[in-house]
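The chain contents come next:
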Amino acid sequence: MARIPTHAPAMPADIDVSKPSAARAYDYYLGGSHNWKVDRDFGDRVLQRVPAVKDFALENRAFLRRAVTWLAEQGVDQFLDIGSGIPTVGNVHEIAQKVNPRAHTVYVDYEHIAVAHAQQILDTEDPRRERTDVIRADLRDPVSVLEHPSTRRLLDFDRPVALLMVAVMHFVAPADGVDETMARYRDALAPGSFLVMSHFTREGIPEDMQRQAAALEELYADTPNPGYFRDRAEFTGLFGDLDMVPPGVVWLSDWRPDRPYDGDPARTMVLAAVGRKAGTPLAAGRTPPA
Ligand SMILES: C[S@@+](CC[C@H](N)C(=O)[O-])C[C@H]1O[C@@H](n2cnc3c(N)ncnc32)[C@H](O)[C@@H]1O
């Protein structure tokens with residue numbers, strides 16, 4: 001896409017480029033150019049032992065696109081995309097604004113390069129940050145995300161918000177207080193809000209995929225972003241008491257598909273779901289703050 005810069009931005013002084021990052025490796029799987037040699041070497045090692053990651057990355061982006069389109073069509077006009085990654089074709093604000101040009105989006109990532117690229121794109125598309133902004137924050141500190149001035153300026157938490165945590169919670173260790181963190185985010189949501197998640201699992205995957213799953217865990221364990229598989233019950237638990245939007249917890253490509261999936265959806269090893277906070281939205285129908 002023309003608007004995406006083709007070169008990595010200037011490197012921040014405090015960044016460690018001796019290690020691959022999950023954000024840049026994911027960009028590599030998707031065929032992006034915002035990665036360095038260390039990420040490509042790591043990505044090649046992963047692809048050799050876990051060829052399924054390519055399908056995961058493509059199917060995950062397709063799930064994100066379908067979910068955001070569906071939400072925007074339901075009238076949701078505010079999106080908080082946590083663990084947003086390096087901007088790639090079909091970013092959340094672009095998808096949402098296709099349905100509703102007034103939609104607001106705040107991107108959150110703790111990876112320098114992801115944030116720097118998003119800033120560059122927005123400097124062209126929305127230089128005054130009237131509808132879209134990006135912040136660098138660690139999701140494990142919900143206050144730094146929810147109380148950030150850009151979050152507060154662009155999102156009205158008295159109205160429904162779509163909280164996107166797509167392919168990110170498997171980077172949060174059980175010891176990092178996942179349940180408390182998720183509860184804090186869910187509590188911040190008004191009735192009628194949605195939570196969108198996808199997450200790696202080993203439960204229910206074909207026998208031969210167990211080897212790829214083990215290799216994936218082993219390879220990422222040696223990076224700044226170790227990964228954690230969760231079973232279906234643990235993944236469902238992240239939604240707390242939100243109501244599951246049909247079809248519920250399913251494989252990525254089974255969530256409201258818009259085309260037939262050629263293959264066994266369990267081979268992506270990733271579950272997806274959308275939850276809705278019960279209740280009637282207050283001030284429904286109000287347009288987002290300008
Ligand atoms: C696999 S990418 C997913 C990108 C995008 N959500 C998608 O689904 O296409 C995971 C992203 O989560 C980010 N991430 C991981 N742990 C995080 C944390 N604790 N706080 C903020 N971002 C995090 C990584 O930097 C990376 O950009």
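Basis of the calculations
Residues numbered from 1 in each chain as written. Predicted model: local features only at pLDDT ≥ 70, side-chain atom pairs only at ≥ 80, totals over all residues. Heavy atoms only, no water. Helix = DSSP H or I, 4+ residues; strand = E, 2+ residues; numbered from the N terminus. Rg over C-alpha atoms; globule rule 2.2 N^0.38 Å. Buried < 20%, exposed > 50% of the residue type's maximum accessible area, 1.4 Å probe, protein only. Contact = heavy atoms within 4.5 Å. Areas by Shrake-Rupley, 256 points an atom, 1.4 Å probe, with all protein chains shown as cover. Lys, Arg positive; Asp, Glu negative; His and termini not counted. Charge placed at Lys NZ, Arg CZ, Asp CG, Glu CD. Right-handed = clockwise from strand over helix to strand, strands pointing away. Pairing = 2+ DSSP bridges. Salt bridge = Lys/Arg side-chain N within 4 Å of Asp/Glu carboxyl O. Near = heavy atom within 4 Å. Polar contact = N/O pair within 3.5 Å; in protein donor to acceptor, adjacent residues only side chain to side chain. Nonpolar A, V, L, I, M, F, W, Y, C, P; charged D, E, K, R; others polar.

Regarding the overall build of the protein
Then, number 1: If you tally the helices and strands in the protein, you get ten helices and eight strands.
Then, number 2: On C-alpha atoms alone, the protein measures out to a radius of gyration of 18 Å, which is about the 19 Å that the 2.2 N^0.38 rule sets for 290 residues.
Then, number 3: Its C-alpha atoms give the protein principal-axis dimensions of roughly 50 × 40 × 40 Å.
Then, number 4: The proportion of buried residues among the 290 residues of the protein is 54%.
Then, number 5: For the protein, the proportion of contacts with a sequence separation of at least 24, taken over those separated by at least 6, is 76%.
Then, number 6: Accessible area of the protein: about 12400 Å², with a carbon and sulfur share of 52%.
Then, number 7: Once the 33 positive and 42 negative side-chain charges of the protein are each reduced to a mean point, those two points are 4 Å apart.

Considering the pairing of strand β1 (residues 78-82)
Then, number 1: Counting buried positions over the five residues of β1 gives five, a clear majority of the element.
Then, number 2: Here β1 shows a buried face lined by Q78, L80 and I82 and a second buried face lined by F79 and D81.
Then, number 3: Handedness of the crossover is the feature at issue here: the chain leaves β1, passes through helix α4 (residues 92-99), returns alongside strand β2 (residues 104-109), and the resulting connection is right-handed.
Then, number 4: Strand direction decides the pairing type here: β1 and strand β4 (residues 162-166), joined by three bridges, are parallel. The partner of D81 across the bridge, within β4, is L164.

Quick word on the pattern of salt bridges
Then, number 1: For the coordinates displayed, the defined rule picks out 17 salt bridges.
Then, number 2: Across the pair E218 and R49 runs a salt bridge, and its minimum N-O distance is 3.3 Å. With E218 in helix α9 (residues 207-221) and R49 in helix α2 (residues 37-49), this pair connects stretches of sequence that are 169 residues apart.
Then, number 3: Its salt-bridge partner being R153, residue D133 comes within 3.3 Å of it at the nearest N-O pair. With D133 in strand β3 (residues 132-136) and R153 in helix α7 (residues 149-154), this residue pair connects regions lying 20 residues apart in the sequence.
Then, number 4: Take D133: its relative accessible area is 8%, and that puts it in the buried class.

Some points on the site of the ligand
Then, number 1: As a matter of local geometry, the ligand sits amid 18 residues, with Y26, N60, R61, G83 and D109 nearest to it.
Then, number 2: Take V166: an N or O atom from its main chain is 2.8 Å from a nitrogen atom of the ligand.
Then, number 3: Coverage of the ligand by the protein amounts to 99% of the 600 Å² it exposes when considered alone.
Then, number 4: Where the shell around the ligand is concerned, the elements lending two or more residues are α1 (22-29) and α3 (52-73).
Then, number 5: Looking at the shell around the ligand, its residues break down into nine nonpolar, four polar and five charged.

As for unusual backbone geometry
Then, number 1: Between P246 and the following residue, P247, the backbone shows a cis peptide bond with an omega angle of 10°.
Then, number 2: Here P247 is to be found in the loop between β6 (243-244) and β7 (250-251).
Then, number 3: A positive phi angle, near 55°, is found at A167, a position not held by glycine.
Then, number 4: Structurally, the position occupied by A167 is in the loop between β4 and α8 (178-188).
Then, number 5: The phi angle at R256 is positive, at roughly 40°, despite the residue not being glycine.

Some words on the pairing of strand β5 (residues 194-200)
Then, number 1: Summarising burial for β5: seven of the seven residues are buried, a large majority.
Then, number 2: Alternating residues of β5 divide into F194, V196, S198 and F200 and L195, M197 and H199, and every residue in both groups is buried.
Then, number 3: By the bridge criterion, five bridges tie β4 to β5 in an arrangement that is parallel. Among the inter-strand pairings, V166 is bridged to a residue of β5, identified as S198.
Then, number 4: In terms of handedness, the path from β4 via α8 over to β5 forms a crossover that is right-handed.
Then, number 5: The pairing of β5 with strand β8 (residues 270-276) spans seven bridges and is classified as antiparallel. Bridge pairing in β8 places V196 opposite V274.

A few points about the side chain of R61
Then, number 1: Mapping R61 onto the fold places it in helix α3.
Then, number 2: Although R61 is buried, it forms no salt bridge, and the closest oppositely charged side chain is D81 at an N-O distance of 6.0 Å.
Then, number 3: Filtering out sequence-adjacent residues up to four positions away, R61 remains in contact with Y26, L30, S84, T88, V89, G90 and N91.

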